[in-house]
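Observations on chain architecture
In case you want the letters, here they are:
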Amino acid sequence: MTLALAAAGAGAGELRATIGNVKPQQGKLWVALYDGADSYRAERRFAGQILEASATEVTAVFTGLPAGRYGVAVFQDRNGDSALTTNLLGVPGEPYGFSGGATGGAFGPPAFDAFALAVPDGGTVTATVPLTE
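The sections below set out a description of the structure shown in this document. Throughout, residues of each chain are indexed from 1 in the direction in which the sequence is written. Selection of residues for local features in this predicted model requires a pLDDT of at least 70, selection of side-chain atom pairs for listing and counting requires 80 or more, and totals for whole chains, interfaces and linings are taken over all residues. To get the side-chain values, take all heavy atoms of the structure and skip hydrogens and water.

1. Section: the overall build of the protein
Counting from the N terminus, the helices are the DSSP runs of H or I reaching at least four residues and the strands are the DSSP runs of E reaching at least two. If you tally the helices and strands in the protein, you get three helices and eight strands. Listing the helices and strands of the protein from first to last along the sequence gives α-β-β-α-β-β-β-β-α-β-β. The globule rule used for comparison is 2.2 Å times the number of residues to the exponent 0.38, while the radius of gyration itself is calculated over C-alpha atoms. Since a compact globule built from 133 residues should have a radius of gyration of about 14 Å, the 15 Å found for the protein is in line with a globular shape. If one aligns the C-alpha atoms of the protein with their principal axes, the spans along those axes are about 55 × 30 × 20 Å. Partitioning the intrachain contacts of the protein with sequence separation of at least 6 by distance along the chain shows that 70% fall at a separation of at least 24. The contact criterion used is simple: two residues touch if any of their non-hydrogen atoms lie within 4.5 Å.

In structure tokens:
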């Protein structure tokens, strides 16, 4: 039984996202992993993590991923309301970021292709997610 489980997971990929510019001890980091443009547009994450903002750099690790394209979006929930705070125009009022440092335009967040990463079968991909305010 153990051998079958090890063999089944042998081809699984891993994505390591290092989140930078974190404001230590100010709330939590909400990390979303999207597996395609459709799920991103629908705000249906493939996986997610909530991490402590314990240092200026924090790493989120996603394991067991099938080969494919993934994108990471993060925000630092400094006020503890479990949501990205925005102003009346929809401009974020808390730190946020996307894999590869992708940024949105004047009318919203970046397209999925701007921050997508290819995770190969059995490989590990590293990404940086600098938070901006």
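2. Thoughts on the nonpolar core
A general tendency of soluble globular proteins is for nonpolar side chains to be buried together. By nonpolar core we mean a set of buried residues, namely Ala, Val, Leu, Ile, Met, Phe, Trp, Tyr and Cys, connected to one another through side-chain atoms within 4.5 Å. Only protein chains enter the accessibility calculation, which uses a 1.4 Å probe; a residue is then buried when its area is under 20% of its type maximum, exposed when over 50%, and partly exposed in between. Among the nonpolar cores identified, the biggest contains 22 residues, and L15, I19, L29, V31, V72 and V74 are the most heavily contacted of them. Listed by contribution, the elements that provide at least two residues to this core are β1 (13-20), β2 (28-34), β4 (58-65), β5 (68-77), β7 (116-119) and β8 (124-130). Per-element tally for this core: the top contributor is β4, with four residues. Residue contacts for V74: discarding those within four places in its chain leaves I19, L29, W30, V31, P95, Y96, G97, V129 and L131. Of all hydrophobic cores here, the second largest spans nine residues; its members include A32, A102, F112 and F115.

3. Considerations on the environment of Q26
Turning to its location among the elements, Q26 is positioned in the loop between β1 and β2. Under the relative-accessibility criterion, Q26 is labelled partly exposed at 35%. For the pair formed by Q26 and L88, sequence separation is 62 residues and the distance between their alpha carbons is 23 Å. Residues contacting Q26, with those up to four places away along its chain left out, are A53, Q76, D77 and R78.

4. Observations concerning the sheet that holds β4
For two strands to be treated as a pair, DSSP must find at least two bridges joining them. Ordered by their spatial adjacency, three strands build an open sheet running β4-β1-β8, and the pairing between neighbours is mixed. Here the strands that pair on one side only, and so sit at the sheet edges, are β4 and β8. Within this sheet the neighbouring strands show an average axis-to-axis angle of 15 degrees, counted without direction. Of the pairings in the sheet, the one linking β1 to β8 comprises seven bridges and is parallel in character. Bridged to L15 within β8 is V125. An axis is simply a line fitted to the C-alpha atoms; with a helix, the fit covers only the stretch in contact. Between two such axes, the angle follows the N-to-C directions and lies from 0 to 180 degrees.

5. Re the pairing of β2
With five of seven residues buried, β2 lies mostly within the body of the structure. The pairing of β2 with strand β3 (residues 47-52) spans six bridges and is antiparallel. Bridging from a neighbouring strand, W30 pairs with I50 of β3. One ladder, built from seven bridges, connects β2 with β5; its direction is antiparallel.

6. Some details on the environment of V22
Turning to its location among the elements, V22 is positioned in the loop between β1 and β2. On the basis of relative accessible area, V22 is assigned to the buried category, the value being 3%. Along the backbone, V22 and D121 are 99 residues apart, and their C-alpha atoms lie at a distance of 31 Å. Those residues in contact with V22, other than ones at most four positions away along the chain, are L29, A53, A55, T56, V58, Q76 and L131.

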